[in-house]
Amino acid sequence: MSTTTIAILCISALVVSIVVGSVKKVNIGILSLIFAYIIGCVLMGKPASTVTTLFPVKIMMYILTVAYFYGFAIMNGTMQALGDRIIYLFRNHAALLPWGIFLGAVIVGAAGGGGQMAVIVMAPIAFSLAKKANFHPLLAFMATVTGAPLGGITFWSIGGVATKSIAESSGIDADVASRLVSQQSVTLAICQISFMLIMYFILKGHKVKNVVIDKPAPMEKNQKLTLGLIVGSVALIVLPSLI
């Protein structure tokens, strides 16, 4: 069986796994593993032990560790409280509210939860503000989805961890992998900010009128502790690279 045929089968299996998993609410990873053994053992004639060794255990552990750590911040409302406070800072500058949503998505994503978590946290806030301030909901959507991945690609969040781990597993030196993530972050920042700027003026974000935003409730003790742990963990990752 040719390499091209195997590649096509793998891509097709991945697409089928995503579609079936999404429709039937079945874990996509489990479906992908089943297809991996079918293609590897049945079609390619590889022993099961060989297929198993190809599973990226190190990358998976990195992603699971980061996801579980920051998952607590989402479950106890810390990320929501952080997003509320960022938006509140822009209460007297209505024209900057879309950028406040953008910044909120960046910070929540960069706080470690990743782009998807940032969207989950910021989307309800964004659409609520769009309704209150009477600006286009598409602008609220764009501010969220352009800011979230920008924060989620930092090398301590899920996106950055996954990218760096995949690069290292491909034989790339750790320092080179870190530079690749940094370069990717800069490139993404230029693209996302430029696109947001264009949509900001097309959808007349600069004409947004003032709106009353309630002051967020004080953070609970466990939320403050969680935020402190996040700041501390990010500092431990970032500071050594700056010294």
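Keep in mind the model is a prediction, meaning the values are calculated, not measured. (Residues numbered from 1 in each chain as written. Predicted model: local features only at pLDDT ≥ 70, side-chain atom pairs only at ≥ 80, totals over all residues. Heavy atoms only, no water.)

## Structural notes on the overall build of the chain
Moving on, step 1. Scanning the chain for helices and strands turns up 10 helices and zero strands.
Moving on, step 2. Mapped in sequence order, the helices and strands of the chain form the string α-α-α-α-α-α-α-α-α-α.
Moving on, step 3. Relative to its full complement of 243 residues, the chain shows a buried share of 38%.
Moving on, step 4. Long-range pairs, those at least 24 residues apart, make up 69% of the contacts in the chain with a sequence separation of at least 6. (Helix = DSSP H or I, 4+ residues; strand = E, 2+ residues; numbered from the N terminus. Buried < 20%, exposed > 50% of the residue type's maximum accessible area, 1.4 Å probe, protein only. Contact = heavy atoms within 4.5 Å.)

## With respect to the nonpolar core
Looking at soluble globular proteins, one finds that nonpolar side chains tend to be buried together.
Moving on, step 1. Counting 40 residues, the largest nonpolar core has Met79, Ile87, Leu97, Ile101 and Phe135 as the members making the most contacts within it.
Moving on, step 2. The biggest single contributor to this core is helix H6 (residues 97–133), with 16 residues.
Moving on, step 3. Beyond its immediate chain neighbours, meaning those up to four positions away, Met79 contacts Ala73, Ile74, Val108, Ala111, Val121 and Ile230. (Core = buried A, V, L, I, M, F, W, Y, C linked by side-chain atoms within 4.5 Å.)

## Some remarks on the packing of helix H7 (residues 137–152) against helix H9 (residues 174–202)
Moving on, step 1. The geometry of H7 relative to H9 is characterised by a closest axis approach of 9 Å and an angle of 170° between their N-to-C directions. In this view, H7 runs roughly antiparallel relative to H9, as classed from their interaxial angle. Along the contact surface, H7 presents Leu138, Leu139, Met142, Ala143, Val145, Thr146, Pro149 and Leu150, while H9 presents Ser185, Leu188, Ala189, Gln192, Ile193, Phe195, Met196, Met199 and Tyr200.
Moving on, step 2. Grouping the amino acids of the contact of H7 with H9 by side-chain chemistry returns 14 nonpolar, three polar and no charged. (Axes fitted to C-alpha atoms, helices over the stretch in contact; angles between N-to-C directions. Parallel < 35°, antiparallel > 145°, perpendicular 65-115°, else oblique. Nonpolar A, V, L, I, M, F, W, Y, C, P; charged D, E, K, R; others polar.)

## Considerations on the packing of aromatic side chains
Moving on, step 1. One pass over the structure, following the stated rule, counts three aromatic pairs.
Moving on, step 2. Summarising the aromatic geometry, the rings of Trp99 and Tyr200 are spaced 5.7 Å apart at their centres and angled 55° between planes, so their arrangement reads as tilted. Placement of Trp99 in helix H6 and of Tyr200 in helix H9 is noted, with a sequence separation of 101 residues between them.
Moving on, step 3. Owing to a relative accessible area of 19%, Trp99 belongs among the buried residues under this scheme.
Moving on, step 4. Note on Tyr200: relative accessible area 6%, which makes it buried.
Moving on, step 5. Taking 5.2 Å as the distance between ring centres and 80° as the angle between the ring planes, the aromatic pair formed by Tyr200 and Phe201 counts as edge-to-face.
Moving on, step 6. Taking relative accessible area as the criterion, Phe201 reaches 47% and is therefore assigned partly exposed.
Moving on, step 7. Each residue in the set Trp99, Phe102, Tyr200 and Phe201 is aromatic and connected to the rest through ring pairs, giving one cluster. (Phe/Tyr/Trp six-rings, centres within 6.5 Å; stacked < 30°, edge-to-face > 60°.)

## Focus on the layout of surface pockets
Moving on, step 1. Taken as a whole, the largest pocket encloses approximately 560 Å³ of empty space.
Moving on, step 2. Forming the walls of the largest pocket are 21 residues, and the residues nearest its centre are Cys10, Ser32, Leu33, Phe35 and Ala36.
Moving on, step 3. Contributing elements (two or more residues each) for the lining of the largest pocket: helix H1 (3–24), helix H2 (28–43) and helix H3 (48–53).
Moving on, step 4. Of the residues forming the lining of the largest pocket, the biggest block, eight residues, is contributed by H2. (1 Å grid on protein atoms, 1.4 Å probe; cavity = no way out; pocket = protein on both sides within 12 Å on 5 of 7 lines; lining within 4 Å. Points joined across faces, edges and corners; volume = space filled by probe spheres on them.)

## Concerning H7
Moving on, step 1. Look at H7: 23 Å from first C-alpha to last across 16 residues, which is about the 22 Å you get at 1.5 Å a residue.
Moving on, step 2. Among the residues of H7, Leu139, Ala140, Met142, Ala143, Thr144, Thr146, Gly147, Ala148, Leu150, Gly151 and Gly152 are the ones counted as buried. (Expected span 1.5 Å × (residues − 1).)

## Examining a nonpolar patch on the surface
Moving on, step 1. On the surface, a cluster of nonpolar side chains totalling about 590 Å² of accessible area is made up of Leu9, Ile30, Ile34, Ile38, Val42, Leu43 and Met44.
Moving on, step 2. Considering each element in turn, the nonpolar patch owes the most residues, five residues, to H2.
Moving on, step 3. With respect to the helices and strands, the residue Ile30 is situated in helix H2.
Moving on, step 4. Accessibility expressed as a relative area gives 49% for Ile30, which makes it partly exposed. (Patch = residues over 30% accessible without salt bridge, like charges linked within 9 Å, V, L, I, M, F, W, Y side chains within 5 Å. Areas by Shrake-Rupley, 256 points an atom, 1.4 Å probe, with all protein chains shown as cover. Salt bridge = Lys/Arg side-chain N within 4 Å of Asp/Glu carboxyl O.)

## Brief notes about unusual backbone geometry
Moving on, step 1. For Lys25, which is not glycine, the phi torsion reads 60° and is therefore positive.
Moving on, step 2. Following the sequence through the fold, Lys25 ends up in the loop between H1 and H2.
Moving on, step 3. We note that Lys204 has phi near 60°; this positive angle belongs to a residue other than glycine.
Moving on, step 4. Tracing the sequence through the fold places Lys204 in the loop between H9 and helix H10 (221–242).

## Remarks on H9
Moving on, step 1. Taking 1.5 Å as the rise per residue, H9 with 29 residues should run 42 Å; its terminal C-alpha atoms sit 42 Å apart, in good agreement.
Moving on, step 2. Those residues of H9 that sit buried are Ala177, Val181, Ser185, Ala189, Gln192, Met196, Met199 and Tyr200.
Moving on, step 3. Following H9 by one or two positions, Lys204 has its phi on the positive side, about 60°.

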